[in-house]
Amino acid sequence: MATNTSDIRSTLNNLIETLKDGEEGFRTSAEKVKDSALRSQFMNFASQRQRFASDLQGMVARIGGEPETSGSASGAMHRGWMNLKAALAGNDDHAILEEAERGEDAAVKSYRDALSKDLPSDIRNTVEQQYREIQNAHTQVRALRDGSQITGTATGGTTRTY
């Protein structure tokens, strides 16, 4: 068992911050990308992160803590960088995918850190399930980043090749 409830709350609140960062990052990315399928995928990931954060917030409250309700300062800085990079690249979908993949790297690391702690089995089960889905999303974002060749078309749209 974890050494104390305070450690468990802190671990869960760190994950909530990460999830809130991811939710906002995917929503921001969805607003910036030109490809409608990619926009839809990013909105699905944002909804997933919102759902995961809500689940963990309930757990924090259940163990007598005050759940985190927003992302981290570093997440806000990352989104700012993402906006700048997208603006400089003309909201290039590939550049946005690169930044989304960087955000997913951070999410995977946060979950690995949490799972390295000694958590109660019910909380561990939830965190492990979320981690598997976070890993899957990370793999999808990386595949999109590595496999997409996004080029402008005569009509101003985008073409994606996998």
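Please read these numbers as outputs of a predicted model, since none were measured by experiment. (Residues numbered from 1 in each chain as written. Predicted model: local features only at pLDDT ≥ 70, side-chain atom pairs only at ≥ 80, totals over all residues. Heavy atoms only, no water.)

A. Just the pattern of salt bridges, in detail. Here the structure, examined in full by the defined rule, presents 10 salt bridges. Between Arg 142 and Glu 101 there is a salt bridge, with its nearest N and O atoms 3.4 Å apart. In this pair, Arg 142 sits in helix H5 (residues 121-147) while Glu 101 sits in helix H4 (residues 93-115), placing the two residues 41 residues apart along the sequence. Overall, Arg 142 belongs to the partly exposed group, its relative accessible area being 33%. (Salt bridge = Lys/Arg side-chain N within 4 Å of Asp/Glu carboxyl O. Helix = DSSP H or I, 4+ residues; strand = E, 2+ residues; numbered from the N terminus. Buried < 20%, exposed > 50% of the residue type's maximum accessible area, 1.4 Å probe, protein only.)

B. Inspection of the environment of Arg 132 at higher detail. Among the secondary structure elements, Arg 132 is positioned in helix H5. Separated by 21 residues in sequence, Arg 132 and Tyr 111 place their C-alpha atoms 9.5 Å apart.

C. View of helix H2 (residues 36-62). An ideal rise of 1.5 Å per residue puts 39 Å on 27 residues; H2 measures up with 39 Å between its terminal C-alpha atoms. Of the positions making up H2, those classed as buried are Leu 38, Phe 42, Phe 45, Ala 46, Gln 48, Arg 49, Phe 52, Ala 53, Leu 56, Gln 57, Met 59 and Val 60. Buried residues in H2 make contact with helix H1 (5-32), H4 and H5. The N-capping residue of H2, defined by a side-chain oxygen 3.1 Å from the backbone nitrogen of Ala 37, is Asp 35. A positive backbone phi angle near 85 degrees is found at Gly 64, which sits one or two residues after H2. (Expected span 1.5 Å × (residues − 1). Contact = heavy atoms within 4.5 Å. Polar contact = N/O pair within 3.5 Å; in protein donor to acceptor, adjacent residues only side chain to side chain.)

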